[in-house]
Amino acid sequence: MITKMELTERFLNYTKFDTQSAEDSESVPSTPKQLIFAEYLKKELEHEGLSDVEMDSKGYIYATLKANTKAKVPTIGFISHYDTSPDCSGADIKPHIVHHYDGSDILLSEGIVSSPQKFPELIQHIGEDLIVTDGHTLLGADDKAGIAEIVQAMCWLRDHKEIKHGDIRIAFNPDEEIGMGAHHFDVDKFGCEWAYTIDGGDVGELEFENFNAASAKVRFKGVSVHPGYAKGKMVNANLLAMEFVTMLPPDETPEKTEGYQGFFHLLGIQSNIEQATLSYIIRDHDRERFEDRKHMIINCAETMNNQYGEGTVTIEVKDQYYNMKEKIEPDAMHVIDLVLHAMQQCGVAPKVKPIRGGTDGAQLSFKGLPCPNIFAGGVNFHGPYEFVSIQSMEKAMQVIVKICELTADFNC
């Protein structure tokens, strides 16, 4: 159905661009190098004959594949992000293809091995063609695989006019990896009744539940004194920070939780004698438990201030996004049903599960655009052992095409 070579070449071409986003940046997008790829994408969409192609000053790209039927069909959309994670380098990516993977260890480069003993997900892809890294960078399938799949699906529909569809909008955005991808997304301009992010993991994943999310900055004020004369005078901010960490539940961290279990995740520590800062993210699928977690971390700061004096600890908690289930389950389950039917007709076994994270679709759903998340095919995101199966990418494209086809029969 889909030209494998075109899809593979498109994705590999995208990996040549370093689009890593940056947590501490105040600009939009957070890194100027993202705009280089955005300009390239805009020109590619124009070259492929899409309509209404535009890119705004913040790097958000919008385009349309025009309807080929006069029937009244809902306008739907497909969205992917083009930034890559700050967690691992995205510069000078050197991908290579492991043809007909046989289940053995994969030598990425000298001394660096991707093994099914460590990454059992590999076993699910025996016999397939895997695109891997050289072990020094991430691959960028999160989410350039999603972009490649969307663009190739639009090209397929363009060339196969026998498949009837309505207006299809596509959008590509920066800064999803730092939680900012949907902040400047123009839902009104996008003009869809519903949409899908193509940003999930392995084949069959369909997600319309995600974490409620907040960030927390906890700052500690110490007093620096020469250690030889510090008795009764020094207040060591390093030790205050360590004490705070022990006040949170030790079993409620990412490495000790799964499924619907929430957590406190310590992202980073900056400290010396005079001052220290702990950076946390707070996650829970259940809104009530989420609120309880925020109260807990605030109460820990108040407890320490009662012990060491007001102002010793300050805390700033900011909500980031909420569980899209709140918006999809009441009124938009038809959006999920369409995907399930599309997967069934494409021979894909659905894996409906909660996201232990978030997507742009979560924020967009709260902006009035129901937007669940569909698999893009990548595995082991954000690190040098990331890989994507070419066959998985093909399946994702087939599902996109089938969703467009089924939507043309949707009862408005």
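Remember, predicted model here, so these are calculated numbers, not experimental data.

The rules behind the values
All residue numbers refer to position in the chain's written sequence, counted from 1. Whole-chain, interface and lining totals are the exception, using all residues; otherwise, since this is a predicted model, local features are given only for residues with pLDDT of at least 70 and side-chain atom pairs are given and counted only at 80 or more. Note: side-chain values were computed over all heavy atoms of the structure, leaving out hydrogens and water. Geometry of aromatic contacts follows a simple scheme: Phe, Tyr and Trp rings, the Trp one being its six-membered ring, pair when their centres are within 6.5 Å, and the pair is stacked under 30 degrees between planes, edge-to-face over 60, tilted otherwise. Helical segments are the DSSP runs of H or I of at least four residues, strand segments are the runs of E of at least two, and each set is numbered from the N terminus. In this scheme, a residue with accessible area under 20% of its type's maximum is buried, one over 50% is exposed, and one in between is partly exposed, where area comes from a 1.4 Å probe on protein chains only. Only when the NZ atom of a Lys or the CZ atom of an Arg is both within 6 Å of the ring centre and within 35 degrees of the ring normal do we say a charge sits over the ring. Any carboxyl oxygen of Asp or Glu within 4 Å of a side-chain nitrogen of Lys or Arg constitutes a salt bridge here. We call two strands paired when DSSP finds no fewer than two bridges between them. Here a residue-residue contact requires only that any non-hydrogen atoms of the pair lie within 4.5 Å. Here, axes are lines fitted to C-alpha atoms. For helices the fit covers the stretch in contact, and angles between N-to-C directions go from 0 to 180 degrees. Definition of nonpolar core: a set of buried residues of the types Ala, Val, Leu, Ile, Met, Phe, Trp, Tyr and Cys, connected through side-chain atoms within 4.5 Å. Defined by distance alone, a disulfide is two cysteine sulfur atoms within 2.5 Å.

Visitor: Give a description of the packing of aromatic side chains that names residues and reports values.
Guide: All chains considered together, the criterion is met by 15 aromatic pairs. Ring plane angle 25 degrees and centroid distance 5.8 Å describe the contact between Phe78 and Tyr196, whose orientation is recorded as stacked. Highlighted residues: Phe78 in strand β3 (residues 76-81) and Tyr196 in strand β9 (residues 194-200), separated in sequence by 118 residues. Neither residue differs from the other here; Phe78 and Tyr196 are each classed as buried. An aromatic cluster of at least three residues, connected via ring pairs, comprises Tyr14, Phe17, Phe37, Tyr40 and Tyr82. The aromatic ring of Phe37 is capped on one face by Lys144, whose charged end is 5.2 Å from the ring centroid. Between the NZ or CZ atom of Arg287 and the centre of the ring of Tyr322, over which it lies, the distance is 4.0 Å.

Visitor: Which residues make up the pattern of salt bridges, and what are the values?
Guide: Scanning all chains against the criterion turns up 22 salt bridges. Here Asp52 makes a salt bridge to Lys66, at a shortest N to O gap of 3.2 Å. In this pair, Asp52 sits in strand β1 (residues 51-55) while Lys66 sits in the loop between β2 (61-65) and β3, placing the two residues 14 residues apart along the sequence. Under the relative-accessibility criterion, Asp52 is labelled partly exposed at 40%. Since its relative accessible area comes to 43%, Lys66 is described here as partly exposed. Between Glu326 and Arg287 there is a salt bridge, with the nearest N and O atoms lying 3.2 Å from each other.

Visitor: Explain the sheet that holds strand β7 (residues 130-132) to me, using residue names and the numbers behind them.
Guide: What the four strands build is an open sheet, ordered β4-β7-β18-β17; its pairing is antiparallel. Every interior strand has two partners, whereas the edge strands, β4 (96-98) and β17 (378-379), have only one. Direction of pairing for β17 relative to strand β18 (residues 387-389): antiparallel, over a ladder of two bridges. Across the sheet, the residue bridging to Val379 is Phe387, located in β18. Along the sheet face, helix α10 (residues 390-407) touches β4, β7 and β18 and points at about 65 degrees away from the line of β18.

Visitor: Would you mind going over the environment of Gly103 in detail, with residue names and values included?
Guide: In this fold, Gly103 is placed in the loop between β4 and β5 (106-109). What makes Gly103 buried here is its relative accessible area of 18%. Along the chain, Gly103 and Leu122 lie 19 residues apart, while their C-alpha atoms are 7.0 Å from each other. Ignoring sequence-local partners within four residues, the contact set of Gly103 consists of Pro116, Ile123 and Ile126.

Visitor: Quick one: what's the story with the nonpolar core, residue by residue and with numbers?
Guide: Core analysis: the largest hydrophobic core is formed by 71 residues, its most contacted members being Phe78, Met154, Phe172 and Tyr196. The biggest single contributor to this core is helix α3 (residues 141-159), with eleven residues. The contacts of Met154, once residues within four sequence positions are left out, are Leu50, Leu65, Phe78, Ile168, Ile170, Ile400 and Cys404. Counting residues in hydrophobic clusters, the runner-up holds 20 residues, among them Ala214, Ala216, Leu248 and Ile282.

Visitor: Talk me through the state of the cysteines; I want residue IDs and the actual numbers.
Guide: Throughout the structure, instances matching the rule amount to zero disulfides. The thiol of Cys346 is unpaired, and the distance to the nearest cysteine sulfur, on Cys404, comes to 11 Å. Exposure remark for Cys346: the relative accessible area of 8% places this residue in the buried category.

Just geometry here; none of it tells us what the structure is for.
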